[in-house]
Amino acid sequence: MSPESAAALPIDSVIPELLDALGASTAAVLEAPPGAGKTTRVPLALLAAPWLGDRRIVMLEPRRLAARAAARRMATTLGEDVGQRVGYRVRGDSRVSSATQIEVVTEGVLTRMIQRDPALESVGIVIFDEFHERSIHADVGLALCLATQDLLRPDLRILVMSATIDGGAAARLLGDAVVVRSEGRAFPVETQYRAPPSGVGTVPHVVRVVRDALLEDTGSVLVFLSGAGEIGRVAGLLAPRLPADVSLHQLFGAMSPAAQDRAIVPAPTGQRKVVLATNVAETSLTIEGISVVVDGGWMRIPRFSPRTGMTRLETVRVSRASADQRRGRAGRTMSGTCHRCWSAAEDSGLLPFTRAEMVDADLTPLVLDLVAAGFPDPAALRWLDVPPAAAVAEARQLLAQLGALDSGGRITSHGTAMAGLGTHPRLAHMLLTARNDSPASAARAATIAAILDDRDPMRGDGGPPEVDLSLRVEVLERRDFASSSFGDEGLLARLRDAAREWRRRLGVGNPTVGSAADIGSLLAMAYPDRVAQQRGGPGRFLLRNGRGASIDPRDPMARQPWIVAAGVEDAGVDARITLAASLDPASLDACIRAQGETVTTTSWDAEQGAVRTRRRTTLGALVLSDVVVPSSDPAAVQSALVGAINDLGVATLPWEGPAGRVRSRIRFVAVHFPGWPDLSDEVLGVTLADWLAPRLEGINRLDAIAPARLTAALLELLTWEQRRSLDDLAPDRVAVPSGSKLEVDYSDPAAPFLAVRLQEVFGWTATPRIANGRCPLVLHLLSPGYRPVQVTRDLASFWANGYFDVRRDMRGRYPKHAWPDDPLTATAVSGRRRPQS
């Protein structure tokens, strides 16, 4: 069958205008609503364009399901099988041949084509279908094709096709390209608003609306839900309540191609179907027989946070454009009805368009793809939405950790190999590194990659499963995996096929996986930034990037001291770990350990009251090891001890005893004689490194500083002349008439005093003076019981006036001690001896 003989479609009327635009220019924008036929008619019409020559047409679809469906539809129009003139290439599936002229591709296929052949020499035109979905792959592909057009292939054609995009913005990006518009064809669709009653959740409300729709209408029903989880719950409630003539199907991206195909084929004659779908069914394909759409009104989008380095799945309201696309599914082949599960008031508040995936996505694959294509700076390319700088910086940091980029941001040979694998750089690094280790490691890495690149086989409707990745690996590696009591057997089979394909690509066959192929260490290769250490009890972890994360304390993984978190959802203060493996830190890959930092520090340990030298190895915020080691740097010990004294204060030094007395004597002399050093706490604290540090050799504790060292350090501050005169100006002891030599207390530099029993100063006629006679000592005269009876600076006045009052009060209390009538002539005694008369 030729394109001309196919049933007429609305797009046919504008194809001549489009051909003229692409004949006169190298870029065009085609706006056509759902059902116009642009996806399957335009590529076929371009086959006869004279500028195409013997080059191919490459069309980028945002989804694998749509790519396969579009290729099949075009091949059927030509009366051929897929893989002849029309073929497709998607991840894990390819139907092309040397005869293929139209190649429908998806995801990163186009990007890898440009990496291998920047000029796209065999390609005449690249078509970006359903560009309004603004997938990151479409944005990257368009930016690279524009660069190819600017630098290498000015004759390369670019066509952007969309149903709802702002054509003017796309045309400006393409250099003021011509915009061709098709009015399209849509059968009438009645729109009903069916907001859920108060307190009724989305899932039970959707089930009720679907059942009502089956009673009110005779057609098949397409139901839009936010994700596979909601689809599973609706299916569980709906299946037992369906009429006998209605079959139930599910449709989402992670399903096998065969299961997806069963969902979109027409129902048998006399039968109807209900298809529960995510937004994969919004565009690019027609599900025959659908006349009713039930729109749950929500979609789930991943939002990446450069601050945390994590992605969280966020359920948001559909945009106006997306809601209209869904509504249009009911009018593709006949009149229909759309039940919107929200109110008319809510409908008026919908955002016009869905945000570009570029704005919210993890940009690690994008940055690697661009560097591999020769564009290390995304700003060098043309974008509708420029990649956010913070997300780009986060991506570069991760790629450097994975060894894909060198210190200058240039791609390494390892990075080139990673880009060629066509999977997330994390998994690519793990696969390549494991292959270099051993066949067993590579085989197990293949199993892990298959799981992480698809849907969790243990995540169903029965609540959160255990987070241990090894449980999933064990099921996939068992020979009798199909008899497993958990998981979708179809999913398990698909995962096993994916693991087999990875082993084939790695060239390792199917070796026996030994215990040496440790899951935790393999996972750490893919997620070096998510190595985590338990902190503060079971279930609480600290990730390498410093972020907190948690596991349900009841989960067996919660008690592991070290883990690697593969599945992490940003969920507030602490992220939520959904998939992880235990880890022996000693088994960390050498590349990851090399990213750690080992620092030897000498510092004050307040708990030990000493300076300690520690060798600490850290991986980001994590401490891999922390041990006390002997110090080989006396200067560092000295500096740390001085720093501790500074922090604690000079008063913490052992001033009791000789050192304190010497300090007090010098401070006293400084009050009366200029040129003597200031030994106040403030000055001594500021100058510790000068006067004390040289005396701390071999000492690492405060309590090990001997008073003699402190005394010697203080005396070093004096000149030779000052040291010689210190005893004269501020004697440590003073001889009293009894013959005793008693200490002078200099604690108050302005008023040094001598505490002495009254009986020991008989015969002392005048107050003794120090500092070359400038300062009289304050005498604290004591009773025989060493209690003060008088404080005086004028001893002569005391003898004349105060002594006799003291004598009267004390003589009866201390009768065995001398209380002479004339203390000036009496003999001083140091004991209880009475003076001789």
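Cut-offs applied
- Residues numbered from 1 in each chain as written.
- Predicted model: local features only at pLDDT ≥ 70, side-chain atom pairs only at ≥ 80, totals over all residues.
- Heavy atoms only, no water.
- Helix = DSSP H or I, 4+ residues; strand = E, 2+ residues; numbered from the N terminus.
- Rg over C-alpha atoms; globule rule 2.2 N^0.38 Å.
- Buried < 20%, exposed > 50% of the residue type's maximum accessible area, 1.4 Å probe, protein only.
- Contact = heavy atoms within 4.5 Å.
- Areas by Shrake-Rupley, 256 points an atom, 1.4 Å probe, with all protein chains shown as cover.
- Lys, Arg positive; Asp, Glu negative; His and termini not counted.
- Charge placed at Lys NZ, Arg CZ, Asp CG, Glu CD.
- Pairing = 2+ DSSP bridges.
- Axes fitted to C-alpha atoms, helices over the stretch in contact; angles between N-to-C directions.
- Parallel < 35°, antiparallel > 145°, perpendicular 65-115°, else oblique.
- Left-handed = near helix turned anticlockwise from the far one by under 90°.
- Nonpolar A, V, L, I, M, F, W, Y, C, P; charged D, E, K, R; others polar.
- Phe/Tyr/Trp six-rings, centres within 6.5 Å; stacked < 30°, edge-to-face > 60°.
- Lys NZ or Arg CZ within 6 Å of the ring centre and 35° of its normal.
- Core = buried A, V, L, I, M, F, W, Y, C linked by side-chain atoms within 4.5 Å.
- pLDDT = per-residue confidence, 0-100.
- Polar contact = N/O pair within 3.5 Å; in protein donor to acceptor, adjacent residues only side chain to side chain.
- Arc of directions from axis to C-beta.
- Expected span 1.5 Å × (residues − 1).
- Salt bridge = Lys/Arg side-chain N within 4 Å of Asp/Glu carboxyl O.

All right, on to the overall build of the protein chain then. For the protein chain, the count of helices and strands is 28 helices and 31 strands. Here the C-alpha radius of gyration of the protein chain, 44 Å, is well above what a compact globule of 837 residues would show, namely 28 Å. Summarising its shape, the C-alpha atoms of the protein chain cover approximately 150 × 60 × 55 Å along the three principal directions. For the protein chain, the residues scored as buried account for 51% of the 837 residues in total. Relative to all contacts within the protein chain whose residues are 6 or more apart in sequence, the contacts with residues 24 or more apart total 67%. For the protein chain, the accessible surface area stands at approximately 36200 Å², while carbon and sulfur atoms represent 50% of it. The positive charge centre, built from 95 side chains, and the negative charge centre, built from 95, are 5 Å apart in the protein chain.

All right, on to the pairing of strand β17 (residues 531-534) then. The two faces of a sheet get side chains in turn, since along a regular strand they alternate between them. Strand direction decides the pairing type here: β17 and strand β20 (residues 562-569), joined by three bridges, are antiparallel. Each bridged residue has a counterpart across the sheet, and for Ala532 the counterpart in β20 is Ile563. In the sheet, β17 pairs with strand β18 (residues 540-543) via three bridges, with the strands oriented antiparallel. Bridge pairing links Gln534 to Phe541 in β18.

Before going further, it helps to spend a moment on the packing of helix α7 (residues 202-216) against helix α8 (residues 228-238). Closest axis-to-axis distance for the α7/α8 pair is 9 Å, and the angle between their directions is 50°. One finds that α7 runs oblique with respect to α8. Judged by the twist between their axes, the crossing of α7 over α8 is right-handed. In this structure, α7 contributes Val203, Val207, Val210 and Arg211 to the contact, and α8 contributes Arg233, Val234, Leu237 and Leu238. Here the contact of α7 with α8 is built from residues that sort into six nonpolar, no polar and two charged.

For the structure shown, the criterion picks out eight aromatic pairs. Measuring from ring centre to ring centre gives 6.3 Å for Phe128 and Phe131, while their planes differ by 80°; the resulting arrangement is edge-to-face. What links up through ring pairs into an aromatic cluster is the set Phe762, Phe798, Trp799, Tyr803 and Phe804. Over the ring of Trp298 we find Arg317; its NZ or CZ atom is 4.3 Å from the centre of that ring. The cationic tip of Arg663 hangs over the ring face of Trp655; the distance from NZ or CZ to the ring centre is 4.6 Å.

Spatially, three strands are ordered β22-β23-β24 in an open sheet, and the strand pairing comes out antiparallel. Of all strands in the sheet, those bounded by a partner on one side alone are β22 (597-605) and β24 (622-628). Going from strand to strand, the sheet's axes swing by 25° on average, the running direction of each strand aside. Bridging between β22 and strand β23 (residues 610-619) involves nine bridges; their strand directions are antiparallel. Note on β23: the bridge partner recorded for Thr600 is Arg615. Across the sheet, helix α22 (residues 634-648) touches β22 and β23, and the angle it forms with β22 is around 50°.

One can find Asp589 in the loop between β21 (575-582) and α21 (590-594). Here Asp589 falls in the buried class, since its relative accessible area comes to 14%. The spatial distance from the C-alpha of Asp589 to the C-alpha of Pro528 is 9.2 Å, given a sequence separation of 61 residues. Once residues within four sequence positions are removed from consideration, Asp589 is found in contact with Thr433 and Met525.

This paragraph deals with the pairing of strand β1 (residues 27-31). With respect to burial, β1 is a largely interior element, five of its five residues being buried. Burial of the side chains of β1 extends over both faces: Ala27, Val29 and Glu31 are buried on one face and Ala28 and Leu30 on the other. Sheet topology note: the β1/strand β7 (residues 157-162) ladder contains five bridges and is parallel. Each residue of the ladder has a partner; that of Ala27, found in β7, is Ile158.

Bringing the nonpolar core into the picture now. Phe128 and Leu363 are the most contacted members of the largest nonpolar core, which totals 98 residues. The element that contributes the greatest number of residues to this core is helix α5 (residues 136-151), accounting for nine residues. Excluding anything up to four places from it in sequence, Phe128 contacts Leu60, Leu110, Ala138, Gly141, Leu142, Cys145, Ile158, Leu159, Val160 and Met161. Grouped together as the second largest cluster of nonpolar side chains are 61 residues, Ala659, Ala730, Val761 and Ile770 included.

This paragraph deals with the confidence of the model for the protein chain. A residue-level look at the protein chain finds 93% of positions with pLDDT of 70 or above and a mean pLDDT of 88. Segment residues 1-5 is flagged for pLDDT under 50; beyond a separation of four residues in sequence, or across chains, it makes ten contacts in the model.

With that out of the way, let us pick up the side chain of Thr613. With respect to the element layout, Thr613 can be found in strand β23. When its relative accessible area of 7% is taken as the criterion, Thr613 is described as buried. A polar contact is formed between the side chain of Thr613 and the side chain of Thr602, at a distance of 2.9 Å. Those residues in contact with Thr613, other than ones at most four positions away along the chain, are Thr600, Thr601, Thr602, Val627, Val628, Val629, Pro630 and Ser631.

It is worth spelling out helix α26 (residues 707-715) at this point. Those residues of α26 that fall on the buried side of the exposure criterion are Leu710, Thr711, Ala713 and Leu714. On an axial view of α26, the arc spanned by its buried residues comes to 160°, and they lie on one face. Where the residues of α26 are buried, they touch α23 (658-672) and α25 (688-691).

Before going further, it helps to examine the packing of helix α16 (residues 425-437) against helix α17 (residues 439-452). One way to put it is that α16 packs onto α17 with a least axis distance of 7 Å and a crossing angle of 165°. In terms of their interaxial angle, α16 and α17 are classed as roughly antiparallel. Crossing of α16 against α17: the hand is left-handed. Contacts between α16 and α17 involve Leu427, Met430, Leu431, Ala434, Arg435 and Asp437 from the first element and Ser441, Ala442, Ala445, Ala446, Ile448, Ala449 and Leu452 from the second. Residue classes in the contact of α16 with α17 are distributed as ten nonpolar, one polar and two charged.

All right, on to α17 then. If you check α17, its first and last C-alpha atoms are 20 Å apart, about what 14 residues at 1.5 Å a residue would give, namely 20 Å. α17 sits mainly inside the fold: 13 of its 14 residues count as buried.

The subject of this paragraph is the side chain of Arg665. Secondary-structure assignment places Arg665 in helix α23. Of the residues examined, Arg665 reaches a relative accessible area of 6% and is grouped as buried. Of note is the side chain of Arg665, whose polar atom sits 2.5 Å from the side chain of Asp727. Contact partners of Arg665, with chain neighbours within four places excluded, come to Leu726, Asp727, Ala730, Pro731, Asp732 and Tyr746.

Another point: the sheet that holds strand β27 (residues 753-757). Reading across from one edge, β25-β26-β27-β30-β31 is the order of the five strands in this open sheet, with mixed pairing throughout. The strands lining the two open edges of the sheet, one partner per strand, are β25 (733-735) and β31 (788-792). The sheet shows a mean angle of 30° between the axes of neighbouring strands, taken without regard to direction.

The next thing to look at is the pattern of salt bridges. Enumeration over the complete set of coordinates arrives at 47 salt bridges. Among the ionic pairs, Asp324 bridges to Arg320, the shortest N-O distance being 3.8 Å. Residue Asp324 and its partner Arg320 are both found in helix α10 (residues 320-328); the two are separated by four residues, about one turn of the helix. Through salt bridges with shared partners, one network takes in Arg55, Glu121, Arg153 and Asp155.

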